[in-house]
Amino acid sequence: MNNLNMTDLILKKRDGGRLTQAEIKFFVNGVSDGTIPDYQASALLMAIYFQGLDKDETFELCNAMRYSGDVIDLSGIRGIKVDKHSTGGVGDKTTLIVAPLVAACGVPVAKMSGRGLGFTGGTVDKMEAIPGFRTSMEPDEFTNQVNSIGIAVIGQTAHITPADKKLYALRDVTGTVENLGLISSSIMSKKLASGSDAIVLDVKCGHGAFMESESEAAELGKTMCEIGNAAGKQTVAVITDMNQPLGCAVGNSLEVIEAIEVLKGNGPADITELALKLTGIMVYLGGRVKTVREGEIIAQQALQGHGGLEKLRSFITKQGGDARVIDDYSLFAAATVQRDFVASEAGYVQAIDARAIGMASQRTGAGREKKEDVIDPAAGIYLHKKVGDKVARGDCIATVYGNNKKKVEAAVKDVAAAYTLGREKTDPPKLIKHVLGI
Ligand code: URA
């Protein structure tokens, strides 16, 4: 390994060659210990971006990143632990619904989640919108909590996949994010290091996703399933639409409230449908039932009987949060500014640009531009109308919330531009496209 050097690796990949296991390990180790400068790492990433990685290279890169830091041992937790990951989207609060539902169905949830960056949100930021909620804890406490109430969700520790962290930060600023091999190895390195026994991936496609087309998303899902299965963890991918935001709420407190509403049985149909599907698959992979269909049935029962809602209550309480928010939404931080986007003529909603809504939400203060930015939990957007809905002149289409008048007013304009309204009725996009790996 000593006579390897980065210039040779860059030239090899630039000219369409295949990197060996030793070369990939050399690269990942050098990124981790800082001996490879950012300019060379970036050059190799760009060469990979254009030339791609084959299956073996993707597996090797994933493996090298997986073992670049701590690998979590969840063997102290009883039962089959099933993890869930979404490739990111706008208004995606499914973890807040699915985690308590899965736990209510008797399958343990021991999950690490991330923060949001750019136009996509992160579960950790959403959970922190609940007053008092703690998103970090010691490993023993984490294990004990899952064994006692069946659920714990915390932020990812700094010691998991440090090589991926560095490479992802470089990719973010060098135009090298959207590459199948790089995305699949990055996501799966974190999932495999997090210690679960099985994995469900929600792979988004559409304008608000990394992969715009359904076929690219399916290719990403297939590659990640292959990586997970090769590592001995049954992995399932659900390909879902992200052309319009999921549900109606975008922004941290607003999304927690929507998740609670779903668990009370009053949530929007799209997110409820997806949450039940993901729960059904997780309950199946957790060995609780024999088919996904049976899993969906017990998920539905946990929703209707409020088992999921009560699990959320004990989960919030156990992690130091004020569970009274479930019954009293005024306990969430309130926005001081609120502006409506009102329809100037009648028609139908034909499209909502999810990415533009995500960026408008970020502009209100709900999201981060840079990692260090502090987010405003009260800020965000509520979409009263979704694709296919009829609109009358004067109807409120969306409401923007925040604490900075200028930002909120600018965001209303962005929201208006994100909507396509027209005279013809349009059918809403199919949310769940297909499931891979079962
Ligand atoms: N999310 C990740 O964790 N990695 C990627 O490369 C893309 C999305």
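Note that the structure is a prediction, hence the values are computed from the model and not measured.

Describing the overall build of the chain
What the chain contains, in helices and strands, is 16 helices and 13 strands. Taken against the 2.2 N^0.38 rule, which gives 22 Å for 438 residues, the C-alpha radius of gyration of the chain at 22 Å falls within 12% of a compact globule. For the chain, the spread of C-alpha atoms along the principal axes amounts to about 70 × 45 × 35 Å. Counting the 438 residues in the chain, one finds 56% classified as buried. A separation of at least 24 residues holds for 78% of the contacts in the chain among residues at least 6 apart in sequence. Just so you have it, the chain exposes about 17900 Å², and 50% of that area is on carbon and sulfur atoms.

Comments concerning the sheet that holds strand β7 (residues 337–342)
Pairing within the open sheet is antiparallel, and its four strands lie in the order β6-β9-β11-β7. Edge positions in the sheet fall to β6 (249–250) and β7, since each of these pairs with one other strand and no more. This element, helix α15 (residues 354–366), spans β6, β9 (380–383) and β11 (396–402) of the sheet and lies at about 135 degrees to β9.

Points about the domain arrangement of the chain
Domains assigned within the chain are domain 1 (6–52), domain 2 (82–327) and domain 3 (335–422). In this complex, domain 1 contributes 13 residues to the contact, which on the side of domain 2 involves 11 residues. When the area that domain 1 buries against domain 2 is broken down by residue, the three leading residues are Val-31, Leu-45 and Tyr-49, summing to 51%. At the boundary of domain 1 with domain 2, the tally comes to zero salt bridges. At the surface where domain 1 touches domain 2, the tally comes to four residue pairs in polar contact (both at pLDDT 80 or more). Sorting the residues of the side of domain 1 that touches domain 2 by element identifies α2 (21–33) and α3 (38–51) as the ones contributing at least two each. If you tally residues by element for the side of domain 1 that touches domain 2, the top one is α3, at seven residues. For the side of domain 1 that touches domain 2, a count of residues per class yields eight nonpolar, four polar and one charged.

Re helix α5 (residues 94–104)
Counting buried residues along α5, 10 of its 11 residues qualify, which places the element largely inside the surrounding structure. Within the sequence span of α5, burial applies to Thr-94, Thr-95, Leu-96, Ile-97, Val-98, Ala-99, Pro-100, Leu-101, Val-102 and Ala-103. Remark: Gly-106 follows α5 within two positions and exhibits a positive phi of approximately 95 degrees.

Digging into the packing of aromatic side chains
Applying the stated criterion across every chain, the model contains three aromatic pairs. Measuring from centroid to centroid gives 5.5 Å for Phe-133 and Phe-315, while their planes differ by 80 degrees, and the two rings are edge-to-face. Here Phe-133, found in the loop between α6 (123–127) and α7 (139–149), pairs with Phe-315, found in helix α14 (residues 307–318); they are 182 residues apart in sequence, far enough to count as distant. Ring geometry for Phe-341 against Tyr-419: centres 5.7 Å apart, planes inclined by 55 degrees, an arrangement best described as tilted. Taken together, the positions of Phe-341 in strand β7 and Tyr-419 in strand β12 (residues 419–422) put the pair 78 residues apart, joining distant regions of the chain. In this structure Tyr-419 comes out as buried when scored by relative accessible area, which is 7%.

Here we look at the side chain of Asp-92
Position of Asp-92 among the secondary structure elements: in the loop between β1 (82–86) and α5. The buried category is assigned to Asp-92, whose relative accessible area is 11%. A polar side-chain atom of Asp-92 sits 3.4 Å from a polar atom in the side chain of Lys-204. When neighbours within four sequence positions are excluded, Asp-92 is seen to be in contact with Ser-86, Lys-126, Asp-202, Lys-204, Leu-246 and Glu-255.

Thoughts on the side chain of Lys-311
Within the element layout of this structure, Lys-311 appears in helix α14. For the buried residue Lys-311, which engages in no salt bridge, the nearest side chain bearing the opposite charge is Glu-310, 10 Å off. Filtering out sequence-adjacent residues up to four positions away, Lys-311 remains in contact with Pro-100, Ala-103, Ala-104, Ile-149 and Ile-151.

What to know about the state of the cysteines
Under the definition given, this model contains zero disulfides. Here Cys-225 is not disulfide-linked; the sulfur of Cys-62 is the nearest cysteine sulfur, at 13 Å. Cysteine Cys-248 is unpaired, with the sulfur of Cys-396 as its nearest cysteine sulfur at 12 Å.

A few points about the pattern of salt bridges
Inspection of the entire model under this criterion finds 29 salt bridges. Here Arg-14 and Asp-15 are joined by a salt bridge, their closest N and O atoms 3.0 Å apart. Take Asp-15: its relative accessible area is 56%, and that puts it in the exposed class. Measuring nitrogen to oxygen at the nearest pair gives 2.7 Å for the salt bridge that ties Arg-363 to Asp-414. One end of the pair, Arg-363, is in helix α15; the other, Asp-414, is in helix α16 (residues 405–418), and 51 residues separate them in sequence. Accessibility expressed as a relative area gives 41% for Arg-363, which makes it partly exposed. Using a relative accessible area of 24% as the deciding quantity, one classes Asp-414 as partly exposed. What you see here is one network of salt bridges that share partners, running through Arg-115, Asp-125, Glu-128 and Arg-368.

About the thresholds
Residues numbered from 1 in each chain as written. Predicted model: local features only at pLDDT ≥ 70, side-chain atom pairs only at ≥ 80, totals over all residues. Heavy atoms only, no water. Helix = DSSP H or I, 4+ residues; strand = E, 2+ residues; numbered from the N terminus. Rg over C-alpha atoms; globule rule 2.2 N^0.38 Å. Buried < 20%, exposed > 50% of the residue type's maximum accessible area, 1.4 Å probe, protein only. Contact = heavy atoms within 4.5 Å. Areas by Shrake-Rupley, 256 points an atom, 1.4 Å probe, with all protein chains shown as cover. Pairing = 2+ DSSP bridges. Axes fitted to C-alpha atoms, helices over the stretch in contact; angles between N-to-C directions. Domains from an automatic or database assignment. Buried area = accessible area lost by both parts, 1.4 Å probe. Salt bridge = Lys/Arg side-chain N within 4 Å of Asp/Glu carboxyl O. Polar contact = N/O pair within 3.5 Å; in protein donor to acceptor, adjacent residues only side chain to side chain. Nonpolar A, V, L, I, M, F, W, Y, C, P; charged D, E, K, R; others polar. Phe/Tyr/Trp six-rings, centres within 6.5 Å; stacked < 30°, edge-to-face > 60°. Lys, Arg positive; Asp, Glu negative; His and termini not counted. Disulfide = S-S within 2.5 Å.

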